[in-house]
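Listed here are the chains, written in short residue letters.
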Amino acid sequence: MTDTETHDHAAYQAPPRLASGITGLDEILLGGFVTNGIYVIQGTPGAGKTILGNQLCYNHVANGGRALYVTLLSEQHERMLANLQTMRFFNPSCIARELNYVSAFQLLERDGLAGLVTLIRREIVGQGASMLVIDGILAAEAQASSALEFKKFVHELQMLAGAGDCTMFLLTSARDQTVAPEHTMVDGMIEICDAAYGWRSERDIHIRKFRGSDTLRGRHALRISADGITIFPRIEALLHTPPRRRYASPQPRVSSGVAGLDAMLGGGLPAASSTLVLGPTGAGKTSLGLQFLGGCTADEPGLMLAFYETPEQILARAATIASGLPPLAQSGIVEILWQSSSEDLIDRVAGDLLARISAQRAKRLLIDGLLGFADMTVQPERIPLFYRALANELRGRGVTVMCTVEVPELVGPVVQPPISHLTPVAENLILLRYVEQDATLRRVLSVMKVRDSAFDHRLREFDITAEGIVLGDGFAGAQSVLSGFAQETAASDSGSG
Amino acid sequence: MATILVVDDEFGIGELLEAVLLDDGHRVITAMNGRHALERMAEAKPDLVISDLMMPVMDGGGLRQAMLNNPEWAEIPFMLMCAVPEAGIRERISQYDAYLRKPFKLAEISQLVARLLQSRAA
């Protein structure tokens, strides 16, 4: 590159970004809006457009900016402000000072789009507004005599955004038209949606167009609460590039908490790997997980995410089978998070989990009841990719993960993971089963997979004792154990004869 | 009150400049290219010309040269506008009184215009 070219490139710097201050939004925009850009925010009635527009203004003012909120045939200002009072971002002291509300419908009717542009320009200059929201842009479109006139209006706003140092948001209702005239002209198009899924409703946000930067594409969950709008980036999109880490050879091992199982695994679970423990209810999955967490130390803290049992229930159970765990929980070396698997957002829960892992510096994670994620979401088909993204991220952070997964079959020849495409994601698979032999129900453990490592393929009977899981012998002299109904082998019969 | 000729082929720029300059109390005439601007100047001599560089028919460089070749117009202050950095256009045109890079700022316009008109009056 020549000096001239270097100079020319330096003269065309990427435009600065304007943080929205809305949790999650700047993450999916990869840094916020482009300063002095013009954006359409489109959504169904009740999706949250007006809250979003107002929250952008209040956050902007809180960061030292000045904002102008222009309404065109939307709700009255008094009513809108009354509704906003429940939101934490609402700050009445900035109204009519740094934040001004202007009703422009009558002026629009009287003076048309030209009058509206003049009003906006004068207000921006007069008030020094660096953010503008126009609520109800459909009214302006209805006032235009042609599509071309409306396009000219949007173009003039665009000029004004750049010349007036003002980032603009045009709020509009969703329409049947897939491409509205203004969509082709503006710097970004954001769609928010409130959709019904059976008995449930979920809101989401979708960045349909964004000039000047990449974004986290696709839909992301949006929630409205007293905090205003919060966005939870879709985990598969957010974690698409997990952190890379060096792998030592041989890979260090982490104890599973069961000495016999460590021997079967070739020395323990590979560090920073993920393990699925599959089995029917009561087979011992949580017990194994608690023993795994019982190996945490101050240098290797741990975290448990439980979907079906409260921390009190878990600690009571641990007291009998993993007695080392309660003191670890008491000292904070192990933290137990409880999450109901009823309606919630998997991206919120996973985001909180990752934040807790960072805060706790956790090196061991137990997710007890991985299907809790599937139970809480309206998109269970996301779970395999969701889990893959989460597992990759945790591997990159050096966290050794164990997840329990309940399978529906208590006894029988078939074990069907409740979600397909889940098991290939995990590096290690451990199967716990019930087997009937001699009119007795026995527990059996088998290691199905340890990625890139040799392991003991034998089936091992086990008991859950006061000391936790204790592995017994293999099923010598028996066959068809995994059918659920062990039978004595013919060799064993003839060998004795 | 000054008479200002705004020359730009791009929709929106001329309209915005016109609106700002009218608000500042000036009289504004507009043209879409250099040739058109010369016709407008023959009708009413402006106190200041604000012109884009890249335009069809006759660009800003051609307009400036035509003004310099005419003793009646040579002394009129000339403000050049362009979207490229100033260093990138000096080979094409050098004799101008102020440079305005697009996208410009509203406050910048009023200040620059006031300065140029003041220097002309002086």
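The rules behind each value
Counting from 1, residues in each chain are numbered in the order their sequence is written. Each chain is given a letter, starting from A, and each ligand a number, starting from 1, according to the order in which they appear as written. Totals for whole chains, interfaces and linings use every residue, but because this is a predicted model, local features are given only for residues with pLDDT of at least 70 and side-chain atom pairs only at 80 or more, for both listing and counting. In DSSP terms, a helix is any run of H or I states spanning at least four residues, a strand is any run of E spanning at least two, and both are numbered starting from the N terminus. This entry defines residue contacts through backbone-placed C-beta atoms, with two residues in contact when those atoms are within 7 Å. Here the term charged refers only to Asp, Glu, Lys and Arg, the term nonpolar to Ala, Val, Leu, Ile, Met, Phe, Trp, Tyr, Cys and Pro, and the term polar to all other amino acids, Gly among them. Fitted lines through C-alpha atoms give the axes, limited to the stretch in contact for helices. The angle between two N-to-C directions lies from 0 to 180 degrees. By definition, two strands form a pair when at least two bridges between them are found by DSSP. What a helix should span is 1.5 Å times the count of its residues minus one. A residue's bend is simply the angle between two axes: one fitted to the seven residues ending at it, one to the seven starting at it. In this scheme every C-beta is placed from the backbone, and a residue whose C-beta has 20 or more other C-beta atoms within 10 Å is buried, one with 12 or fewer is exposed, and one in between is partly exposed. Source of the domain bounds: an automatic or database domain assignment. When buried Ala, Val, Leu, Ile, Met, Phe, Trp, Tyr and Cys residues are joined through C-beta atoms within 7 Å, the set is termed a nonpolar core. Of all possible arcs, the one meant is that of the directions from the helix axis to the C-beta atoms. A residue's pLDDT is simply how confident the predictor is in it, with values from 0 to 100.

**Q** Can you help me understand the overall build of chain A in this one?
**A** A tally of regular secondary structure across chain A gives 16 helices and 24 strands. Expressed as a percentage of contacts within chain A between residues at least 6 apart in sequence, the contacts between residues at least 24 apart total 71%.

**Q** Explain the interface of chain A and chain B to me, please; I cannot follow it from the model alone.
**A** Frequently, the measure chosen for interface size is the accessible area that the parts lose on association. Facing the 15 residues of chain A at the interface are 13 residues of chain B. Secondary structure elements with two or more residues in the side of chain A that touches chain B: α1 (3-11), α5 (105-127) and α7 (147-163) of chain A. Counted by class, the side of chain A that touches chain B contains five nonpolar, five polar and five charged residues.

**Q** For this particular structure, what's the right way to read the packing of helix α2 (residues 34-43) of chain B against helix α3 (residues 60-69) of chain B?
**A** Angle between the axes and distance between the axes are the two parameters that describe a pair of packed helices. All names here are of chain B. Contact geometry of α2 with α3 gives a least axis separation of 8 Å together with a crossing angle of 35°. Within the contact between the two elements, α2 uses Gly 34, Ala 37 and Leu 38 and α3 uses Gly 60, Gly 62, Leu 63 and Ala 66. Broken down by class, the residue content of the contact of α2 with α3 amounts to four nonpolar, three polar and no charged.

**Q** Whenever I open this one, the sheet that holds strand β5 (residues 98-101) of chain B confuses me. Can you help?
**A** Residue and element names in this part refer to chain B. Taken in spatial order, the five strands line up as β2-β1-β3-β4-β5 in an open sheet, and their pairing is parallel. At either margin of the open sheet sits one strand with a lone partner, and together these are β2 (27-31) and β5. On average, adjacent strands in this sheet sit at an angle of 20° to one another, irrespective of strand direction. Here four bridges tie strand β3 (residues 48-52) to strand β4 (residues 78-82), and the two strands are oriented parallel to one another. Among the inter-strand pairings, Ile 50 is bridged to a residue of β4, identified as Met 79. Strands β1 (3-7), β3, β4 and β5 of the sheet are contacted by helix α4 (residues 106-121), whose axis makes an angle of about 170° with β5.

**Q** I tried to follow α5(A) on my own but got confused; where do I start?
**A** Along an α-helix, residues three or four apart share an orientation, since each turn contains 3.6 residues. Taking 1.5 Å of rise per residue, the 23 residues of α5(A) would be expected to cover 33 Å, yet its terminal C-alpha atoms sit only 20 Å apart, more than 12% below that figure. The sharpest bend along α5(A) reaches about 125° and sits at A:Asp111. Turning to α5(A), its buried residues are A:Leu108, A:Leu113, A:Leu116, A:Val117, A:Ile120, A:Arg121 and A:Ile124. For α5(A), the secondary structure elements touched by its buried residues are β4 (67-71), β6 (131-135), α6 (137-143) and α7 of chain A together with α1 (13-23) of chain B. Two residues or fewer after α5(A) comes A:Gly128, characterised by a positive phi angle close to 65°.

**Q** Looking at this model, I keep getting lost on the pairing of strand β18 (residues 400-406) of chain A. Mind explaining?
**A** Consecutive residues of a regular strand have side chains that alternate between opposite faces of the sheet. Residues and elements named next belong to chain A. Burial runs high along β18: six of the seven residues are buried. Two elements, strand β14 (residues 274-279) and β18, share six bridges in a ladder whose sense is parallel. Residue pairing for β18: Ser 274 is matched across the bridge by Val 401. As judged from the five bridges shared by strand β17 (residues 364-368) and β18, these two strands associate in the parallel manner. Residue pairing in the sheet places Arg 364 in a bridge with Thr 400 of β18.

**Q** I keep staring at the domain arrangement of chain A and nothing clicks. Help me out?
**A** All names here are of chain A. When the domains of chain A are assigned, the result is domain 1 (15-233) and domain 2 (253-495). Taking only C-alpha atoms, the centre of domain 1 and the centre of domain 2 are 48 Å apart. In this assembly, seven residues from domain 1 lie in contact with six residues from domain 2. Mapped onto the side of domain 1 that touches domain 2, the elements with two or more residues apiece are β9 (200-210) and β10 (219-225).

**Q** Which parts of the structure should I look at to understand the nonpolar core?
**A** Grouped together as the largest cluster of nonpolar side chains are 164 residues, with contacts concentrated most on A:Leu132 and B:Met79. When residues of this core are assigned to their parent elements, the largest contribution, eight residues, is made by α7(A). Two domains each donate at least three residues to this core, and these are domain 1 (15-233) and domain 2 (253-495) of chain A. Apart from the residues within four sequence positions on either side, B:Met79 is in contact with B:Leu48, B:Val49, B:Ile50, B:Tyr96, B:Asp97, B:Ala98, B:Leu100, B:Leu112 and B:Leu116.

**Q** I keep staring at helix α11 (residues 311-321) of chain A and nothing clicks. Help me out?
**A** All names here are of chain A. Taken together, the buried positions of α11 are occupied by Ile 314, Ala 318 and Ile 321. Relative to the axis of α11, the buried residues are bounded by an arc of 75° and lie together on one face. For α11, the exposed residues set more than 90 degrees away from the buried face come down to Glu 312, Gln 313, Ala 316 and Ala 319. Buried-residue contacts for α11 involve α10 (285-293), β15 (302-306), α12 (325-330), β16 (334-338), β21 (460-465) and β22 (468-474).

**Q** Any chance you could explain the environment of B:Gly14 here in plain terms?
**A** All names here are of chain B. Inspection of the secondary structure assignment puts Gly 14 in helix α1. Sequence-wise, Gly 14 and Ala 44 are 30 residues apart; in three dimensions their C-alpha atoms are separated by 18 Å. Once residues within four sequence positions are removed from consideration, Gly 14 is found in contact with Val 6, Asp 8 and Thr 30.

**Q** Would you mind showing me how to read the confidence of the model for chain B here?
**A** Caution applies to low-pLDDT parts of the model: their predicted coordinates are not meant to be read in detail. All names here are of chain B. When the pLDDT values of chain B are averaged, the result is 90; 100% of them are 70 or greater. β1 holds the highest mean pLDDT among the elements of chain B, 96, whereas α4 holds the lowest, 87. Interface confidence for the predicted complex, expressed as ipTM, amounts to 0.75; the pTM equals 0.84.

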